[in-house]
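A closer look at the structure
Listed below, chain by chain, are the residues.
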Amino acid sequence: MPKVNANGITIHYEIRGQGTPVLFLHGSGASWKMWEPQFEAFSSRYQMLMPDYRGHGDSTKEFPNNKYDHHIIVEDIKCFLYVLGISKIHVVGVSQGGQLATLLAIKYPTYVDKLVISNSFSEMPTIAASWVLSISNFIFSLLPYRIIINIMMKFYKDDPYTQRILRESFSIDKKMLLAMKKAPFPTHTDQLYRVKSPTLVMGGAGKVVTGVDEGKGSQTIYNHLQNAKLALFKNAFDPLSTMRREIFNEMIIDFLEDKPLKHYKDVEIFKK
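Residues numbered from 1 in each chain as written. Predicted model: local features only at pLDDT ≥ 70, side-chain atom pairs only at ≥ 80, totals over all residues. Heavy atoms only, no water.

**Some words on the packing of helix α5 (residues 145–153) against helix α6 (residues 160–169)**
Across the interface, α5 lies against α6 with an axial gap of 11 Å and an inter-helix angle of 150°. By the criterion of interaxial angle, the relationship of α5 to α6 is roughly antiparallel. α5 and α6 meet at a crossing whose hand is right-handed. The residues of α6 that touch α5, namely those facing Ile-149, Asn-150 and Met-153, are Gln-163, Leu-166 and Arg-167. Considered class by class, the residues forming the contact of α5 with α6 number three nonpolar, two polar and one charged. (Axes fitted to C-alpha atoms, helices over the stretch in contact; angles between N-to-C directions. Helix = DSSP H or I, 4+ residues; strand = E, 2+ residues; numbered from the N terminus. Parallel < 35°, antiparallel > 145°, perpendicular 65-115°, else oblique. Left-handed = near helix turned anticlockwise from the far one by under 90°. Contact = heavy atoms within 4.5 Å. Nonpolar A, V, L, I, M, F, W, Y, C, P; charged D, E, K, R; others polar.)

**Some thoughts on the pattern of salt bridges**
Per the stated rule, a full pass over the model turns up 11 salt bridges. In this structure, Asp-158 engages Lys-157 in a salt bridge whose closest nitrogen and oxygen atoms are separated by 3.4 Å. When sorted by exposure, Asp-158 lands in the same class as Lys-157, which is exposed. As a salt-bridge pair, Lys-259 and Glu-257 come within 3.3 Å of each other at their nearest N and O atoms. (Salt bridge = Lys/Arg side-chain N within 4 Å of Asp/Glu carboxyl O. Buried < 20%, exposed > 50% of the residue type's maximum accessible area, 1.4 Å probe, protein only.)

**With respect to the side chain of Glu-14**
Tracing the sequence through the fold places Glu-14 in strand β2 (residues 9–16). Residue classification places Glu-14 among the buried positions, given a relative accessible area of 11%. Among the polar contacts made by the side chain of Glu-14, one reaches the side chain of His-12 at a distance of 2.9 Å. With sequence-adjacent residues up to four places away left out, Glu-14 is seen in contact with Met-1, Pro-2, Trp-32, Met-48, Leu-49 and Met-50. (Polar contact = N/O pair within 3.5 Å; in protein donor to acceptor, adjacent residues only side chain to side chain.)

None of the figures reported here should be taken as evidence of function without further support.
Right under this line is the structure:
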């Protein structure tokens, strides 16, 4: 369980494989264990660098003024790379990890070689989504944590594999969950032009079971990037790293290795 001190906190991380390093940023509430579906495919080619970012896993839980802040996490990640002596690296992020990866590429573009953004948003999808989030925050505040997790798992009732990976990777308590959900959304659509890295954007096609239009969110990101490819997956959603793990892995490896993206059933690919 290696740990480093960076930006005034302790960051736990795990490593798999050898070779060119790739930074993997997990989704909200999860930990490095979320990347189990990627271990075999990536560790045979790359060095997987998988931190638990602030508030998660075995890393420091505290935030300044007790307020969850995505931008502070980005500073943590940059300092984490600096301490490890890494000045440029491929970055793969899923869900909130995708937002953090994008914010890193915006603020510190020289640190990011190639960028993969999966199941992410650069702005709140709709006004209605903001209302739904506020309502869910209130309801969750009244419920035991175990019940909250069970409610979240109902979105994956037909996917026991994803349920297992998510349950085993959850690493926050109810207090951190509510702090994270109440944190200001890190809107950055108008800053995407600052991303200089070749980027692969991945997401579910259209509205998903939560009612959020994940496809629109991915399309928005893609439209505002200078050098990007977009892959929209039918009948799948956050996290693609489990729900479509074989295609997810193969597509990212092809992208990192400058190979043309293959055509897959139920996946629509766009490129500039």
